[in-house]
Amino acid sequence: MLAPTSTPRRDRHPDLQWVGDGAWVASDPFADQSDPHRVIAYLECKDSRVYVLWVSGATGVCEFPSLREALDAIAERLAPQTA
């Protein structure tokens, strides 16, 4: 049996806000609304691909075969770093 931990587990799923025609903005659900680093990425579904424009951390554009894989990549950026 696992013992409960004293620190809460951070949910790794981003908040998604639909911005129209297959496009979303992904944000860190734990960041304050006024935090300029709250927005993590812009996602766009086009031609059976999902394009992710990173706006927080390392920038650039990545391409994914599915929305699930794109969301998993975003969740990795939200995951707490362990030493």
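**Q** Please provide a residue-by-residue account of a nonpolar patch on the surface, values included.
**A** Taken together, the side chains of Val39, Leu53, Val55 and Val61 present a nonpolar region at the surface, about 310 Å² in accessible area. Relative to the elements of secondary structure, valine 55 occurs in the loop between β4 (49-54) and β5 (60-64).

**Q** Help me get a handle on unusual backbone geometry, residues and values and all.
**A** The phi dihedral of aspartate 47 falls on the positive side, at around 55 degrees, and the residue is not glycine. For aspartate 47, the position within the fold is in the loop between β3 (39-46) and β4. Residue aspartate 47 is classed as exposed on the basis of its relative accessible area of 64%. Phi is positive for serine 48, close to 60 degrees, though the residue is something other than glycine. Within the secondary structure layout, serine 48 lies in the loop between β3 and β4.

**Q** Now, about the nonpolar core: what can you tell me, with residues and values included?
**A** Leu43, Val52 and Ile74 are the most contacted members of the largest nonpolar core, which totals 13 residues. Those elements that place two or more of their residues in this core are β2 (23-27), β3, β4 and α1 (67-78). The biggest single contributor to this core is α1, with four residues. Other than its neighbours up to four places away in sequence, valine 52 contacts Ala41, Tyr42, Leu43, Gly60, Val61, Cys62, Phe64 and Ala70.

**Q** Provide a residue-level description of α1, including the pertinent values.
**A** Taking 1.5 Å as the rise per residue, α1 with twelve residues should run 16 Å; its terminal C-alpha atoms sit 17 Å apart, in good agreement. Taken together, the buried positions of α1 are Ala70, Leu71, Ile74, Ala75 and Leu78. The arc enclosing the buried residues of α1, seen along the axis, measures out at 140 degrees, which places them on a common side. Against the buried residues of α1 lie β1 (15-20), β2, β3, β4 and β5.

**Q** Describe the pairing of β3, and please don't skip the residues or the numbers.
**A** Examined bridge by bridge, β2 and β3 share five bridges and lie antiparallel to one another. Across the sheet, residue alanine 26 finds its bridge partner in β3, namely alanine 41. Where β3 meets β4, six bridges bridge the pair, whose relative direction is antiparallel. Note that in β4 the partner of tyrosine 42 across the bridge is leucine 53. Connecting β3 to the next strand, β4, in antiparallel fashion are two residues, including aspartate 47 with a positive phi near 55 degrees.

**Q** Break down the pattern of salt bridges for me, with residues and values.
**A** Inspection of every chain in the model, using the stated rule, returns three salt bridges. Between aspartate 72 and arginine 68 there is a salt bridge, with its nearest N and O atoms 3.2 Å apart. Of this pair, aspartate 72 and arginine 68 both sit in helix α1, four residues apart, which is roughly one turn of the helix. What makes arginine 68 partly exposed here is its relative accessible area of 47%.

Conventions and cut-offs
Residues numbered from 1 in each chain as written. Predicted model: local features only at pLDDT ≥ 70, side-chain atom pairs only at ≥ 80, totals over all residues. Heavy atoms only, no water. Patch = residues over 30% accessible without salt bridge, like charges linked within 9 Å, V, L, I, M, F, W, Y side chains within 5 Å. Areas by Shrake-Rupley, 256 points an atom, 1.4 Å probe, with all protein chains shown as cover. Salt bridge = Lys/Arg side-chain N within 4 Å of Asp/Glu carboxyl O. Helix = DSSP H or I, 4+ residues; strand = E, 2+ residues; numbered from the N terminus. Buried < 20%, exposed > 50% of the residue type's maximum accessible area, 1.4 Å probe, protein only. Core = buried A, V, L, I, M, F, W, Y, C linked by side-chain atoms within 4.5 Å. Contact = heavy atoms within 4.5 Å. Expected span 1.5 Å × (residues − 1). Arc of directions from axis to C-beta. Pairing = 2+ DSSP bridges.

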